[in-house]
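# Analysis of the macromolecular model
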Amino acid sequence: MRAPGADAEPEPVPAFEAAPAANPYGHLDTATREFVITRPDTPTPWLNYLGQGGYGGVISNTAGGFSFDRDPRNRRVTRYRYNSIPADQPGRYVYLRDQETGESWSPTWQPVRRRLDAYECRHGPGYTRICGALGGIEATILYFVPPGDQDEPCPCELWVLRVRNAGATRRRLRTFSYAEFGFVDAVSDQQNLDWSQHIVSSRSEDDVILVTTRVRPTTSFLASTVPPLGFTGDREDFVGRGRDLASPVVVETGQPTNAGSPRGNSVGSLCHELDLGPGEVRQLVYLMGVTDQPAEIARVIARYRDPGVVEAALAALQADWDAYLSRFRVDTPDHEMTAMLNVWNQVQCRTTLHWSRFVSGYETGLGRGMGTRDSAQDTLGAVHADPDRARQTLLRLWELQFRDGHAWHQVFPLSGEGGPGLAAEHPDWPQWFSDDHLWLVVASCAYLRETDDVALLDERAGWTDGGGDTVWAHLVAAVEFTLAHRGPHGLPRSGFADWDDTLNVDHGSGRAESPWTAMLFCRAVLDLAELCQHLGRGAEATRFGGLHADMAAVVNASAWDGAWYARAFDDEGRPIGVAGEAHQEINLNPQTWSVIGHVAPPERAELAIRSADELLGTPFGPMLLWPPYDGWDGRVCGTSSYPPGAKENGGIFCHAGAWMVMAAAMLGRADDACRHYRELMPLARTDADRYRSEPYVYPQNVCGPAHPQFGLARNSWLTGTAAWMFVAATHWILGIRPEYEGLRIAPVIPAAWTGFRARREFRGVAYEIDVRRDGPGTDISLVVDGRPIDTTVVPLPGPGTTSVAVEVIIR
Ligand code: GLC
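For clarity, every value in this text was computed on a predicted model and none was experimentally measured.

### Details of the overall build of the chain
Looking only at helices and strands, the chain has 19 helices and 39 strands in total. On C-alpha atoms alone, the chain measures out to a radius of gyration of 27 Å, which is about the 28 Å that the 2.2 N^0.38 rule sets for 811 residues. Seen through its C-alpha atoms, the chain measures out along the principal axes to roughly 80 × 60 × 55 Å. Expressed as a percentage of the 811 residues in the chain, the buried residues total 63%. Once local pairs closer than 6 in sequence are excluded, the contacts in the chain between residues at least 24 apart make up 69%. Split by element, the accessible area of the chain, about 27,600 Å² in all, is 49% carbon and sulfur.

Take a look at the structure:
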């Protein structure tokens, strides 16, 4: 039953000792933390994020992308045309025109796409710098959002253009910026063209291009720190008839129109003239943003006229990231693991906390909003570095809960409008997911272990259907909802779906159940039992412990299939994910979660994980299920809508793969944990043209062996893979995890590792951890500030201690 080709075709993923993987499009610069892209023609746009969850946007390695303020659907600034030809347009562009020859080009390669003498894009945390050179002119554009400004009434992004004449003769250039504004309501901008195209207009006032409507005060703008020679505010005037962004008529003629756009499509094109002697450099800063207080715009421009302020803003951005990334640092024998954990995995985790699954190169920012389960899981990868933001997020998510304990599946961040997500398309099926509310329990307990901020439990949070209560009451309601919605075996009903959006087995009979949700429930009540123990609430601890035992017993009695756990019971009560089925004989999640939820007795846990490894393993990580469906199957619906090998239908769903890393480490199988970790690690892939996505961040899925494009990655950036790979690696392989009584350090590292070093901040104390292997075994002993202790939990130091040295010996 092993997947055809699963062990045949692809090159093996190199072991950790191997030299960093070669990638023809770029490499990691560990000194600067940047991923350096050396060719503009990457297989897909390789993206980065600007901003920190307020004003910001996405930007590709050729400056494609768009901007928005807090909510890409309800407060959009610029447009992006997904899935169009030419790809990855529009963006944040600057054209350079030689006034003698009339030739023009863009240092970001797009949108002109002229072959450049030199090109380089550096994506760093929160900024992107793209350099291009042609015919003796070198131009660099640095894009970032000043960190302090995003909460101001007039947030904006900076494009810092520097042009150098590297040649021997004087050059006269004209520059033309290009940004394409949309209506702030991005859905109307796409759907109600008749209206939106009449109501949006642009004009120039005091050299600032302002884009407004009569219906809202909201004003988008583009300005520059150097007074422009002229401007163009209308897209059709700028581009000209029968042309496109590669050769707009305004750039070809070198003549801005000096006219706004009375209706139609507004653009921000400012024209400047640069007269550059040999060796001369000129800098010019564009500012683009959105505000409801347009009077503020002038103040912002005045501020950034001082180049020192621009530099200070960049330094502040870097200092913010330094601080964020300093809370966890590691040096392991696996260079790529080290690189991922120290920088890009954490950058991705912070980005998922900001944007959930709302807006990326694959998510348009029009549809889904923030996901309840998604954002709850996202806090897990960022709570160590930004507990305040995790707290805020959790409080907002608890407000999505109904009094009966279930929660809205998603929410739009500015309007607060919640909804049942995909379930709305099937009003006859349950309008709730069986997992959303339980993730909130798991995430809140993780927050409490990290911070011990038990005051959170007394905070009040509203119920979506009116009234409000403490967070503690919300936690209990989540448990009660699952208990009150069980099927014939006593397992949780599946609801519209559990974690797997596409597993739509519950069509209303009340018989469809999810053993996996039972396992998540087990994790949640174990977390609550532990919390109650910590709070000295013995009776409640006993109750939650009992709920765990009861539910685990139900799972073991009803869902064990001999060598692995079943995935679901369908609407007629028949099992799914069991031996002998034509499709989906086995699914990964109940195997990994039988370990994570402490459901499986030891021998079943071993067997379940071994079965998953044998039957689902591929060189690029485990498949979610096997064999995949090949056509519509009414028992599961959504899963079977995908072709075999794609996404949830037998693809490699990296988010679920991370649980395999974690389960293996929890079982003490260090080599397996590291093998799966590396299978899923984008930096380790040496086949960029097959893989296609960014090498520095995790994708949501990779096509599985049954798919003709086995190995191709999709849906990068916004995925739970980020948080869970971080947790799997740091908590379970490196073994550094917060507990109520202190920081546990219990590494599960491969026999070949000689050790590692880490720095972990925990409750205001910096732990300097030095792990050494002194024998092939798994016995761990700890020496804390020179004194041996007889547990693997480093107790919290007394008041005033800010740093603790921990030596860990494994023998
Ligand atoms: C997507 C969704 C997530 C879901 C997963 C599996 O990543 O954002 O909520 O759990 O797919 O279906």
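Having seen the structure, we can now continue with the description.
### Focus: the site of the ligand
Around the ligand, the neighbouring residues are Arg 357, Arg 368, Arg 373, Asp 374, Trp 499, Asp 500, Asp 501, Glu 648, Phe 653 and Gln 700. At 2.6 Å, a side-chain N or O of Arg 373 approaches an oxygen atom of the ligand. Glu 648 is positioned such that a nitrogen or oxygen atom in its side chain is 2.5 Å from an oxygen atom of the ligand. In the complex, 98% of the free accessible area of the ligand, which totals 310 Å², lies under the protein chains. Among the cavities detected, the one that contains the ligand is the largest pocket. Here the residues of the shell around the ligand are counted per class, giving two nonpolar, one polar and seven charged.

### Overview of the nonpolar core
Phe 144, Tyr 677, Ile 769 and Val 806 are the most contacted members of the largest nonpolar core, which totals 235 residues. The leading source of residues in this core is helix α12 (residues 515-535), at twelve residues. When sequence neighbours within four positions are dropped, the list of residues in contact with Val 806 reads Ile 745, Tyr 767, Glu 768, Ile 769, Asp 770, Leu 782, Val 783, Val 784 and Val 794. Judged by nonpolar contacts, the second largest core, of eight residues, contains Leu 503, Val 505, Ala 512 and Ile 576.

### Topic: the sheet that holds strand β3 (residues 47-51)
The antiparallel open sheet is built from three strands, whose spatial order is β3-β4-β5. Looking at strand neighbours, the two that pair on one side only are β3 and β5 (65-69), the edges of this open sheet. Neighbour to neighbour, the strand axes of the sheet diverge by 15 degrees on average, direction disregarded. Pairing of β3 with strand β4 (residues 55-60), which is carried by five bridges, proceeds in the antiparallel orientation. Its bridge partner being in β4, Leu 50 is matched across the sheet by Gly 57.

### Side note on the pattern of salt bridges
The final tally for this structure, using the stated rule, is 65 salt bridges. A salt bridge links Arg 172 to Glu 273, with the shortest nitrogen-to-oxygen separation between them at 3.4 Å. Residue Arg 172 is found in strand β12 (residues 171-178), and its partner Glu 273 is found in strand β17 (residues 266-276); the two are separated by 101 residues along the sequence. With a relative accessible area of 31%, Glu 273 lands in the partly exposed category.

### Regarding the layout of surface pockets
For the largest pocket, the calculated volume is near 840 Å³. Around the largest pocket, the lining comprises 43 residues; the ones closest to its centre are Arg 368, Asp 501, Tyr 642, Lys 647 and Glu 648. Listed by contribution, the elements that provide at least two residues to the lining of the largest pocket are β20 (370-371), α8 (372-380), β30 (699-702) and β31 (713-716). Considered class by class, the residues forming the lining of the largest pocket number 14 nonpolar, 18 polar and eleven charged.

Definitions and limits used
Residues numbered from 1 in each chain as written. Predicted model: local features only at pLDDT ≥ 70, side-chain atom pairs only at ≥ 80, totals over all residues. Heavy atoms only, no water. Helix = DSSP H or I, 4+ residues; strand = E, 2+ residues; numbered from the N terminus. Rg over C-alpha atoms; globule rule 2.2 N^0.38 Å. Buried < 20%, exposed > 50% of the residue type's maximum accessible area, 1.4 Å probe, protein only. Contact = heavy atoms within 4.5 Å. Areas by Shrake-Rupley, 256 points an atom, 1.4 Å probe, with all protein chains shown as cover. Near = heavy atom within 4 Å. Polar contact = N/O pair within 3.5 Å; in protein donor to acceptor, adjacent residues only side chain to side chain. 1 Å grid on protein atoms, 1.4 Å probe; cavity = no way out; pocket = protein on both sides within 12 Å on 5 of 7 lines; lining within 4 Å. Sits in = over half its atoms within 2 Å of the grid points. Nonpolar A, V, L, I, M, F, W, Y, C, P; charged D, E, K, R; others polar. Core = buried A, V, L, I, M, F, W, Y, C linked by side-chain atoms within 4.5 Å. Pairing = 2+ DSSP bridges. Axes fitted to C-alpha atoms, helices over the stretch in contact; angles between N-to-C directions. Salt bridge = Lys/Arg side-chain N within 4 Å of Asp/Glu carboxyl O. Points joined across faces, edges and corners; volume = space filled by probe spheres on them.

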